[in-house]
Amino acid sequence: NRMALARAARVCREFSAPALAVLWRDIEDLVPLFSLFSSFKAVSPEQERVPRHGPLHELLGNVESQDVWMLCGIPTEAEVERFKLYAAFVRSACLFKTDEIDPSVFTHLSHVNGGKPLLPSARKLTFEQSVAFEAALLTLVSPSLHSLSLLFGVAAYLGNRGQITRRDHMLRTALERVCTMAPSLSYVNVSGWIRPSTLVPIAQLSNLATVQLSLVHRVTDANGELLRALSISDSLVELHIPHELAVEVAHCRGGFPNLRILEVYGGLTNVASLFSQLDSPHLRELSLTASPLNSFELLPPALDHCTRLLSLESLTISTQSMLLRSFAPPTAGEEPIALTGLLAPILQLRRLRKLWFHVNKTFSLSDADLQAMGTAWPKLASFLVSYQVSGTVPTMRGVQALARACQHLTVLHLPCMDPSPPYAAEDPASSRHGLRLMCVERLSPSIGEAAAELATAIDVFFPRLNVPDSRSFKMFFGDMGFLETPWAAVLDAV
């Protein structure tokens with residue numbers, strides 16, 4: 001409660017320091033902080049006496065229609081000391097309203113602060129593109145910074161491409177200075193419309209661990225400069241990129257030697273080539289996310305190259321749409337694909353603990369397939385598959401075989417299951433199985449009078465099953481849920 005903290009800070013000196021430390025720890029607007037200066041005021045366009053011009057102002061357009069915060073006088077020494085006191089409390093700042101502050105405010109305060117960072121203790125900063133973007137970036141960043149997020153809108157890219165090029169070059173220069181000022185920077189997140197080559201300076205950071213670029217809209221990066229720079233980074237352990245960047249795979253000479261987590265977002269273009277260039281013996285998590293999973297024919301070659309990633313423990317293949325139901329009718333004339341046929345290359349990944357597969361294509365899955373997967377992945381803990389069902393579906397006996405082979409399995413999601421008896425006999429070893437969540441989207445044929453018998457089999461084999469959580473399990477389907485499905489009736493019987 002920020003109001004309660006502000007009141008506590010005024011009660012007594014014992015309360016003041018801890019209350020202020022919490023109150024100012026996370027801020028979303030610089031106006032309250034800069035308002036410590038009596039000369040910091042909102043100036044309407046008709047009152048504005050200081051001209052606002054320069055490359056960034058020309059690029060982002062005329063914003064004189066709104067009030068602008070400016071310094072209308074010289075700060076006193078007492079105000080500067082008080083500002084330093086409060087600014088030192090700030091650890092995280094999300095600056096989405098810097099467009100309301102004139103760039104001259106940042107440069108002038110930096111001058112009166114002796115050129116030192118205005119937020120000397122900030123560990124996490126988030127900037128949104130604005131007129132004051134560059135000035136804010138260069139005056140707020142400090143050596144304590146560990147996390148930096150930059151958000152760029154689409155508006156600028158509707159204008160002159162020459163202005164865009166100029167902005168990106170200016171930003172690249174600014175980032176070079178930022179990387180020098182913040183050597184401890186380990187997390188960089190960039191989203192919006194920007195040339196990837198603009199971000200090359202971040203690769204020089206010796207502590208860079210995570211780069212999140214999955215929401216970057218690629219304009220052009222003809223020579224693959226960004227991936228080439230990142231691929232030789234020894235500190236990089238987590239990388240999220242749009243699939244367009246994979247086009248420049250030929251330039252990845254370093255092979256990302258210490259990468260542990262990789263996500264390729266938006267499609268499968270050249271993903272196979274990217275995988276073929278990986279030299280990452282420590283890679284643990286791989287995610288392919290498309291919207292939708294277009295060019296499905298590119299998926300098998302990509303999976304073929306996964307056989308080199310023997311350290312892989314988690315694999316996610318998913319469309320972005322989470323509202324595709326598995327019992328949607330298959331495309332006319334489309335023959336079902338055996339799921340194990342598609343996933344055959346990754347059956348060699350003995351360390352696999354998590355498989356999430358959500359693709360709007362037609363597949364079949366049998367008891368023998370489940371048993372083969374269980375044998376191939378004895379450490380499997382989370383198994384979630386969702387697809388359009390056609391042809392063979394697994395039975396409860398197949399689920400039991402999978403459970404016996406994967407004693408660490410805790411989460412199981414199937415698009416369809418045949419509930420017909422008989423079920424496998426009770427096994428003392430399997431009766432201690434730790435499965436916690438189980439969801440089946442559809443029972444085919446209908447369960448009928450076998451619900452009680454199926455519930456008994458589930459109760460015996462999975463005594464630790466969490467029925468309420470299984471009943472409300474919505475991993476793939478948002479708020480649609482399965483509360484009224486036959487599976488819910490089985491869970492009720494359990």
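All values reported here derive from a predicted model rather than from experimental measurement.

### Things to note about the overall build of the protein
Phase 1: A tally of regular secondary structure across the protein gives 17 helices and 18 strands.
Phase 2: Expressed as a percentage of the 494 residues in the protein, the buried residues total 51%.
Phase 3: Per element, the accessible surface of the protein, about 21,500 Å² overall, is 53% carbon and sulfur.

### Thoughts on the pairing of strand β6 (residues 147–152)
Phase 1: Buried residues dominate β6, accounting for 5 of its 6 residues.
Phase 2: Summarising the sheet, strand β5 (residues 124–128) and β6 pair through 5 bridges and their orientation is parallel. When the bridges of β6 are listed, E128 appears paired with L151.
Phase 3: As for the winding sense of the linkage, the β-α-β connection from β5 through helix α7 (residues 133–140) to β6 is right-handed.

### Considerations on the pattern of salt bridges
Phase 1: This model, assessed by the stated rule, comprises 7 salt bridges.
Phase 2: For R25, the salt bridge goes to D26, with nearest N and O atoms at 3.8 Å.
Phase 3: Under the relative-accessibility criterion, R25 is labelled partly exposed at 39%.
Phase 4: The partner of D168 in a salt bridge is R195, and the shortest N-O contact between them spans 3.1 Å. Placement of D168 in helix α8 (residues 161–181) and of R195 in the loop between β7 (187–193) and β8 (210–212) is noted, with a sequence separation of 27 residues between them.
Phase 5: In this structure, a network of salt bridges that share partners links the residues R284, E313 and R353.

### Some details on the environment of K354
Phase 1: By the element assignment, K354 lies in strand β15 (residues 354–364).
Phase 2: Taking the relative accessible area as the measure of exposure, K354 reaches 25% and is therefore partly exposed.
Phase 3: Here the alpha-carbon distance between K354 and L384, two residues 30 residues apart in the chain, equals 8.2 Å.
Phase 4: With residues near it in sequence (within four places) discarded, K354 still touches E313, S314, L315, T316, L380 and S382.

### Looking at the confidence of the model for the protein
Phase 1: Model confidence for the protein is summarised by a mean pLDDT of 83, while 82% of its residues fall at 70 or above.
Phase 2: Below a pLDDT of 50 lies the segment residues 58–64, which in the model reaches 17 contacts outside its immediate sequence neighbourhood of four places, other chains included.
Phase 3: Here residues 476–483 scores under 50 on pLDDT; set against residues more than four positions off or in separate chains, the count is 29 contacts.

### Things to note about the packing of helix α13 (residues 367–376) against helix α14 (residues 396–405)
Phase 1: Two numbers describe how α13 lies on α14: the axes approach to 8 Å, and their chain directions differ by 5°. In this view, α13 runs roughly parallel relative to α14, as classed from their interaxial angle. Residues D367, L370, Q371, G374 and T375 of α13 pack against R397, G398, V399, A401, L402 and A405 of α14.
Phase 2: For the contact of α13 with α14, the class distribution of residues is 5 nonpolar, 4 polar and 2 charged.

### A closer look at the packing of helix α15 (residues 451–461) against helix α17 (residues 486–493)
Phase 1: Running from N to C, α15 and α17 point in directions that differ by 60°, and their axes come no closer than 8 Å. As the angle between them shows, α15 and α17 are arranged oblique. For α15 against α17, the interelement crossing comes out right-handed. Residues L454, A455 and I458 of α15 form the contact with α17, whose own contacting residues are W487, V490 and A493.

Criteria and cut-off values
In this convention, every chain numbers its residues from 1, walking through the sequence in written order. Local features in a predicted model are, by the rule used here, given only for residues with pLDDT of at least 70; side-chain atom pairs are given and counted only at 80 or more, and totals for whole chains, interfaces and linings are based on all residues. In computing side-chain values, all of the structure's heavy atoms are included and hydrogens and water are not. Runs of E in the DSSP output that reach at least two residues are strands. Runs of H or I that reach at least four are helices, and both are numbered from the N terminus. Exposure categories follow from relative accessible area, calculated using a 1.4 Å probe and restricted to protein chains: below 20% of the type maximum is buried, above 50% is exposed, and the middle band is partly exposed. Under the convention used here, a 1.4 Å probe and the Shrake-Rupley method define accessible areas, while residue burial counts only the protein chains that appear. In this analysis, strands are considered paired if DSSP registers two or more bridges between them. By convention a crossover is right-handed if, when the strands point away from the viewer, the path from the first strand over the helix to the second runs clockwise. Here, a salt bridge means any side-chain nitrogen of Lys or Arg that lies within 4 Å of a carboxyl oxygen of Asp or Glu. The contact criterion used throughout is that any non-hydrogen atoms of two residues lie within 4.5 Å. Note on scores: pLDDT gives the predictor's confidence for each residue, bounded by 0 and 100. Angles run from 0 to 180 degrees between N-to-C directions of axes, and those axes are lines fitted to C-alpha atoms, restricted for helices to the stretch in contact. By definition in this entry, angles of less than 35 degrees are roughly parallel, angles greater than 145 are roughly antiparallel, angles of 65 to 115 are roughly perpendicular, and the rest are oblique. When residues are grouped by polarity, Ala, Val, Leu, Ile, Met, Phe, Trp, Tyr, Cys and Pro land in nonpolar, Asp, Glu, Lys and Arg in charged, and all others, Gly among them, in polar. If you view the pair so one helix is near and one far, a crossing is left-handed when the near helix is turned anticlockwise from the far one by less than a right angle, and right-handed when it is turned clockwise.

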